[in-house]
Amino acid sequence: MSLTTPPKAAKKPHSFTHHGITVTDDYAWLRDPGYPEVKDAEVLAHLAAENAWFESRMAGQQGRIDALFKEMRARIKEADKSVPQKDGDYLYWIEFEEGAEYKKWWRRPVAGGPDELILDEVALAAGHEYFRLGAIAVSNDGKLLAWSVDDNGSERFTARIKVIATGEVLPDEIPGTLSSLIWVAQDKGLVYSLANEQWRTDNARLHWLGQPLSSDVELYHEDDEGFRVGCSLSANEQWLIIGTSDHETSEVRLVPAADPLATPLLVKPRQNGVEYDVDLNGETLFIHANDTHENFRLATAPLADPANWATLIEGTDEFYLTGFDLFRDFYVTEGRVRGLDRIEVRYYGDPARVEPIEFPEASFSAGLGDNPEWAVTTLRLSYESMVSPASVLDYDVASRQLTTLKVQEIPSGYDAALYATERLEIAARDGTMIPVSVVYRKDRAAGGPLHLYGYGAYGISIDPGFSTTRLSLVDRGFAYAIAHIRGGDDLGRAWYKAGKLERRTNTFNDFVDVAKGLIARGFTQTGKISISGGSAGGELMGAVINSDPGLWGAVVAHVPFVDVLATMLDPTLPLTPGEWPEWGNPIEDKAAFELIRSYSPYDQVKPQAYPPLLVTAGLNDPRVTYWEPAKWVARLRELKTDQNELLLKTNMGAGHGGKSGRFESLKETAEEFAFILWQLGVLE
């Protein structure tokens, strides 16, 4: 059925007042008061009407969607497996079977013996519209498997345990987890964290196998509502590490893994603005901390005096130390220099001996892969670039030689020689040089269409990696660019700080200025730029279409965080208290209130022409609640002065990540790209 007019949301007068400022919000009713259950008939009817409008408007693009999906799927090796990795007495790997949406987890004894299927995601996902594996952990003796599953997108996982040899699922079942699963106490106990009503992990709990959940022990409880708790094992697996943190402060406790009920050892009391994480080698603590330099240092301390930190590697402006991994005979640091990954092997007994791992390309993404064992002579690495498919490498520490174990196979064919990649620097309006990674076909016509992607929040970097789906734009004459804007930590911690709190608008300005710079360099033209971003990147989309609507030819905002002011004013929402260090607390701080209101995309929608826009939402999304994009689209429909497409698609059975499954998710990318090609008038 072809519909003739888009749905129009009812306006119901509503307002709220803070700091003497009254804000009207006539679409607040789209938030179901019973959330996280959404049963309000009027709300559901409106979302259904928006979905029907989406289907109606996209119906004419179905042929293009199908063609895009077909070519995207043809680039995926359907029957595929990972490189086996040794962990104790077994080699472990995962496999995708032909046509399967989900994977199977396998192992076989190192000493020889048959392959053993330890977890079948395909079977677990059967009958569910959505499926996501949360955590998976084999017991230390190799006999038991713990795993957790979310089957509706709510990001509340149910943990279960089974006997691998027989497949018997034990009666132990832990609903509501949101955490890793860690075996302790000679495999008699399992450590996990529950999500509370606000979807925060404020606890670390111990479950004794075979005992009722009511007898589980809370090992640690966090009272600060902005902090979240997470647990891990030390590299030598002798210590349970209980960490608690928000976006800028952290605190760590240690418990012997063999005796999880022992009194936790506090490494160092939390200090506002200081982040640290730890690991252990024998009686020595290694601490990665930003207490002396914002780009972090690596320090050591005796286990007997864990707060007495002595610098091992100084923090510097040039090298951003993002992490470290300990092994028996050496340790590894990871970081970035001028935004590019750097991995170094270092030695306990010789601090001056530093061995960087060299990679062949000028721009790339590389990191440590899965290295589960303590005593190793080789390191498993991952490597890719915007023109080089993902590779799995082994690095021989003694010979300093790299061996390629696997290169991502593209069944439909891929010739890297057809493509070029550049790393540019474009000046923002305040003079700051913004890195931009670009990939395009060498035969591309100058000034053609360009897709610009950005995120710019939480100190999350967007690496210049490889994408098979991206080729569907690049092979149609697009350049594809990633703007490494402030708010991410691409160039270090200062880069992150320069895009948060009172400097948040740098992120939006950087993105706009990168687009203008790409036009000035002849890559594209005004109106030929498509842009996309998700979550906080969706907020970015909302901000830049308010400020510079004429620049963009097509915009895709995935689960966009666009109702920033109302969300940050509501401490009952899952993320809000933990987000105040990122955005500011508008409840207590009038300046924060006014600043957030000044850029919050929903609050800044105004009567003007907007570019074509596709918006997605997830009904079960606990991160960006469904009503944010729904309210935003409703207000845009009310105020925009153009006739451009405005589409909202709400996944009624999924959450923040959209549909699950490797092919189902491709269908959504095909829809996104079809929308972009349609709106930019790019013909096949």
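Residues numbered from 1 in each chain as written. Predicted model: local features only at pLDDT ≥ 70, side-chain atom pairs only at ≥ 80, totals over all residues. Heavy atoms only, no water.

1. Focus: the packing of helix α6 (residues 505-520) against helix α7 (residues 536-547)
Two elements in contact, α6 and α7, have axes whose closest approach is 10 Å; the angle formed by their N-to-C orientations is 65 degrees. The orientation of α6 with respect to α7, classified from their angle, is roughly perpendicular. When you trace α6 past α7, the crossing you get is right-handed. Residues Thr507, Phe508, Phe511 and Val512 of α6 touch α7, and the partners they reach there are Glu539, Leu540, Met541, Ala543, Val544 and Ser547. Residues that form the contact of α6 with α7 fall into these classes: 7 nonpolar, 2 polar and 1 charged. (Axes fitted to C-alpha atoms, helices over the stretch in contact; angles between N-to-C directions. Helix = DSSP H or I, 4+ residues; strand = E, 2+ residues; numbered from the N terminus. Parallel < 35°, antiparallel > 145°, perpendicular 65-115°, else oblique. Left-handed = near helix turned anticlockwise from the far one by under 90°. Contact = heavy atoms within 4.5 Å. Nonpolar A, V, L, I, M, F, W, Y, C, P; charged D, E, K, R; others polar.)

2. As for the side chain of Lys162
Along the polypeptide, Lys162 turns up in strand β10 (residues 157-163). No salt bridge is formed by the buried Lys162; the nearest opposite charge belongs to Asp120, separated by 8.3 Å. Engagement of the side chain of Lys162 in a polar contact is seen with the backbone oxygen of Ile118, the distance being 2.8 Å. Filtering out sequence-adjacent residues up to four positions away, Lys162 remains in contact with Ile118, Leu119, Lys143, Leu144, Leu145, Trp147, Gly167, Glu168, Val169 and Leu170. (Buried < 20%, exposed > 50% of the residue type's maximum accessible area, 1.4 Å probe, protein only. Lys, Arg positive; Asp, Glu negative; His and termini not counted. Salt bridge = Lys/Arg side-chain N within 4 Å of Asp/Glu carboxyl O. Polar contact = N/O pair within 3.5 Å; in protein donor to acceptor, adjacent residues only side chain to side chain.)

3. Regarding the pattern of salt bridges
Under the definition given, this model contains 49 salt bridges. Measuring nitrogen to oxygen at the nearest pair gives 2.7 Å for the salt bridge that ties Arg270 to Glu222. With Arg270 in the loop between β19 (265-266) and β20 (276-281) and Glu222 in the loop between β15 (217-221) and β16 (228-233), this pair connects stretches of sequence that are 48 residues apart. For Arg270, a relative accessible area of 30% corresponds to the partly exposed category.

4. Here's the deal with α6
Helix length check: α6 (16 residues) gives 22 Å between terminal C-alpha atoms against 22 Å at 1.5 Å per residue, within 8%. Among all positions in α6, only Asn506, Thr507, Phe508, Asp510, Phe511, Val512, Asp513, Val514, Ala515, Gly517 and Leu518 are buried. Where α6 terminates, the next one or two residues include Gly522, which has phi positive at roughly 85 degrees. (Expected span 1.5 Å × (residues − 1).)

5. What about the sheet that holds strand β22 (residues 297-302)?
Spatial ordering of the open sheet is given by β20-β21-β22-β23, a layout of 4 strands whose pairing is antiparallel. Strand pairing shows two members of the sheet lacking a second neighbour, β20 and β23 (310-313), which therefore form its edges. Each neighbouring strand pair of the sheet contributes to a mean axis angle of 30 degrees, computed without reference to strand direction. (Pairing = 2+ DSSP bridges.)

6. A word on the pairing of strand β32 (residues 419-427)
A regular strand carries its side chains on alternate faces of the sheet. Note that β32 and strand β33 (residues 433-441) share 9 bridges and pair antiparallel. Bridged to Glu422 within β33 is Val438. Between β32 and the antiparallel strand that follows it, β33, lie 5 residues; Gly431 among them carries a positive phi value of about 95 degrees.

7. Quick word on the environment of Pro549
Here Pro549 shows up in the loop between α7 and β37 (552-558). Judged by its relative accessible area of 17%, Pro549 falls in the buried class. In this structure the C-alpha to C-alpha distance between Pro549 and Gly533, which are 16 residues apart in sequence, comes to 16 Å. Apart from residues lying up to four places away in sequence, Pro549 is in contact with Val544, Gln608, Ala609, Tyr610 and Pro611.

8. Topic: the packing of helix α1 (residues 41-58) against helix α12 (residues 664-680)
One way to put it is that α1 packs onto α12 with a least axis distance of 12 Å and a crossing angle of 60 degrees. Of the possible angle classes, the one that applies to α1 and α12 is oblique. Judged by the sense of rotation from one axis to the other, the crossing of α1 with α12 is left-handed. Between α1, through Phe54, Arg57 and Met58, and α12, the contact on the second element is made entirely by Glu671, Ala674, Phe675 and Trp678.

9. Digging into the pairing of strand β7 (residues 116-120)
In this sheet, β7 lies alongside strand β6 (residues 104-109) in antiparallel orientation, the contact comprising 4 bridges. Looking at β7, one finds that Lys104 is bridged to Asp120. Counted along the chain from β6 to the antiparallel partner β7, the turn is 6 residues long, and its residue Gly112 has a positive phi close to 110 degrees.

10. Overview of the environment of Ile482
Along the polypeptide, Ile482 turns up in strand β35 (residues 479-483). For Ile482, a relative accessible area of 3% translates into the label buried. For the pair Ile482 and Asp463, spaced 19 residues apart in sequence, the C-alpha to C-alpha distance is 8.5 Å. Contact partners of Ile482, with chain neighbours within four places excluded, come to Met386, Pro435, Val436, Ser437, Tyr453, Ile462, Asp463, Pro464 and Arg470.

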